[in-house]
Amino acid sequence: MRAASVEETTSRPADPGDEVRAFYESHPYPAPLANLDRHRELYRNPDRRRAVSLLLWPTRQPARNRKILIAGCGTSQAAIHAMREPDARITAIDISEASLTHTRDLQRKYDLRNLDLHRVAIEDVGSLGEVFDEIVCTGVLHHLPDPDLGLKSLRAALAQDGALHIMVYATYGRAGVYMMQEYCRLLGVRANDEELRALSATIGALSPDHPIAAAASRAKDFRQADALADALLHPVDRAYTVPQLHGWLKRCGLSFARWYEQAPYLPQCGAIASMPHAPRLASLPPPLQHAAVELLRATMTKHDFVAYRDDRAGESQPISFGGEGWLSYVPLRLPWTLCVRERLPAGASAVLINRAHPYPDLALPINQAQDRVLAAIDGKRTVSEILRGGTETADLDQGREFVERLWRYDLIVLDATASR
């Protein structure tokens, strides 16, 4: 075979996949964790694992020995999953040897025997020769040269009744990020320590009215060098609006199931529910509701959601409050929610907050009767048993409305296994 000349080598265009690989070898992301003790303590609570499972499969109990793929595992994500799901078999892939090395260190430290690591690109996941019950791919597909190819590859590796947890960038809330990415391209800013320090100082000196300012104040990505490089100097980066996301899923043989946190997208939740257009918004089909609310929110920086294969049996969103099936649901309070009982609005017994929500208007005030319903939610009793257990909640219409509101606000998940 004839060796390539120097001229041929230097004129050949760079492969975007190779650029991404080289970027992560130099700038592992997210920042590696040396200690997972906090995660271990959090997931000693079985309700936390159960809640995550019900987000993926509200009508099905998870298999103890299910197979989970962490696609683009980064520095710590696979180890966290292996720790929190000790009865599952975790397979993790990444293109960065630096990231895999950090993960191996955690694997040895915590003796994670249920974790297998492979240096494999998402596009080549088929080379593993396995099918997975659950695939987690967060913060990766938007960095692929061909996100459609990556998503189709994951779909092919997903069991027919499996669940795919995806996170990709959202377009509108990252406007300032893309402005600064273009600025960096104009100046030829490079991802070395000196230039990253100068870039960080430049962002810090900008007017608070600049679109990057709000993102910089909320995100950790502007406080650490490798994270700043990932945000502003990544060689491949794209984002999706809600309609683009739905089109992407359809092209790749997948159906949308739910947002991981759905309240920010719903016209029935928060300040948007009181706007003049709220009834018109609520009359739209759900995908258009979510698209419209994204435009009103304007600051969403990511879309975090669950998807299924389009040939999966059953409804993509099986939770429904029509008919009487909802009475057999078993509600479970999400362990990461708060119940605040100080400095309350008039007439409120408590205010409920999901700490994962980025919008303060999504706090939900409840009255005394609703507070009693909330107290009866123990993860064991059905909605029927809870609502019919007290005279204050005998009105099933009011009870249904409140339970549905708790679900819409991401304060509970619903175990619908008995309703199948």
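Presented here is a report on the structure given in the accompanying data block.

1. Here we look at empty space enclosed by the protein
Part 1 of the reasoning: Tallied over the entire structure, the rule returns 2 cavities of 30 Å³ or more.
Part 2 of the reasoning: Empty space within the largest cavity amounts to approximately 80 Å³.
Part 3 of the reasoning: Taken together, 13 residues form the lining of the largest cavity, with Leu-54, Leu-55, Pro-58, Arg-258 and Ile-319 sitting closest to its centre.
Part 4 of the reasoning: Classifying every residue of the lining of the largest cavity gives 10 nonpolar, 2 polar and 1 charged.
Part 5 of the reasoning: Taken as a whole, the second largest cavity encloses approximately 40 Å³ of empty space.
Part 6 of the reasoning: Forming the boundary of the second largest cavity are Arg-333, Thr-337, Leu-338, Leu-352, Leu-374, Leu-406, Leu-411 and Ile-412.
Part 7 of the reasoning: A per-class count over the lining of the second largest cavity returns 6 nonpolar, 1 polar and 1 charged.

2. A few points about the packing of helix α15 (residues 368-376) against helix α17 (residues 396-408)
Between two packed helices, the angle of one axis relative to the other and the distance separating the axes together describe the packing.
Part 1 of the reasoning: Axis separation between α15 and α17 bottoms out at 11 Å; the angle between their running directions is 65°. Put simply, α15 runs roughly perpendicular to α17. In terms of crossing hand, the pair formed by α15 and α17 is right-handed. Touching Gln-370, Val-373 and Leu-374 of α15 are Phe-402, Arg-405 and Leu-406, all from α17.
Part 2 of the reasoning: For the contact of α15 with α17, a count of residues per class yields 4 nonpolar, 1 polar and 1 charged.

3. Some points on the pairing of strand β4 (residues 132-138)
Part 1 of the reasoning: Summarising burial for β4: 6 of the 7 residues are buried, a large majority.
Part 2 of the reasoning: Pairing of strand β1 (residues 67-71) with β4, which is carried by 3 bridges, proceeds in the parallel orientation. When the bridges of β4 are listed, Ile-68 appears paired with Glu-134.
Part 3 of the reasoning: Pairing analysis gives 6 bridges linking β4 to strand β5 (residues 158-169), with the strands arranged parallel. The residue bridging Ile-135 from the neighbouring strand is Leu-164, located in β5.
Part 4 of the reasoning: In this view, the connection linking β4 to its parallel neighbour β5 by way of helix α7 (residues 147-156) has right-handed handedness.

4. Things to note about a nonpolar patch on the surface
Part 1 of the reasoning: Among the surface-exposed residues, Tyr-183, Leu-186 and Leu-187 lie close enough to one another that they form a single nonpolar patch of about 320 Å² accessible area.
Part 2 of the reasoning: Within the secondary structure layout, Tyr-183 lies in helix α8 (residues 175-187).
Part 3 of the reasoning: The class of Tyr-183 is partly exposed, set by a relative accessible area of 32%.

5. Some remarks on the sheet that holds strand β3 (residues 115-119)
Part 1 of the reasoning: If you trace the 7 strands from one edge of the open sheet to the other, you get β3-β2-β1-β4-β5-β7-β6, paired in mixed fashion. Each edge of the open sheet is held by one strand with a lone partner, namely β3 and β6 (254-259). Averaged over all neighbouring strand pairs, the angle between strand axes comes to 20°, with direction disregarded.
Part 2 of the reasoning: In the sheet, β5 pairs with strand β7 (residues 302-309) via 6 bridges, with the strands oriented antiparallel. Bridge assignment links Ile-166 to a residue of β7, and that residue is Phe-305.

Cut-offs used in this document
- Residues numbered from 1 in each chain as written.
- Predicted model: local features only at pLDDT ≥ 70, side-chain atom pairs only at ≥ 80, totals over all residues.
- Heavy atoms only, no water.
- 1 Å grid on protein atoms, 1.4 Å probe; cavity = no way out; pocket = protein on both sides within 12 Å on 5 of 7 lines; lining within 4 Å.
- Points joined across faces, edges and corners; volume = space filled by probe spheres on them.
- Nonpolar A, V, L, I, M, F, W, Y, C, P; charged D, E, K, R; others polar.
- Axes fitted to C-alpha atoms, helices over the stretch in contact; angles between N-to-C directions.
- Helix = DSSP H or I, 4+ residues; strand = E, 2+ residues; numbered from the N terminus.
- Parallel < 35°, antiparallel > 145°, perpendicular 65-115°, else oblique.
- Left-handed = near helix turned anticlockwise from the far one by under 90°.
- Contact = heavy atoms within 4.5 Å.
- Buried < 20%, exposed > 50% of the residue type's maximum accessible area, 1.4 Å probe, protein only.
- Pairing = 2+ DSSP bridges.
- Right-handed = clockwise from strand over helix to strand, strands pointing away.
- Patch = residues over 30% accessible without salt bridge, like charges linked within 9 Å, V, L, I, M, F, W, Y side chains within 5 Å.
- Areas by Shrake-Rupley, 256 points an atom, 1.4 Å probe, with all protein chains shown as cover.
- Salt bridge = Lys/Arg side-chain N within 4 Å of Asp/Glu carboxyl O.

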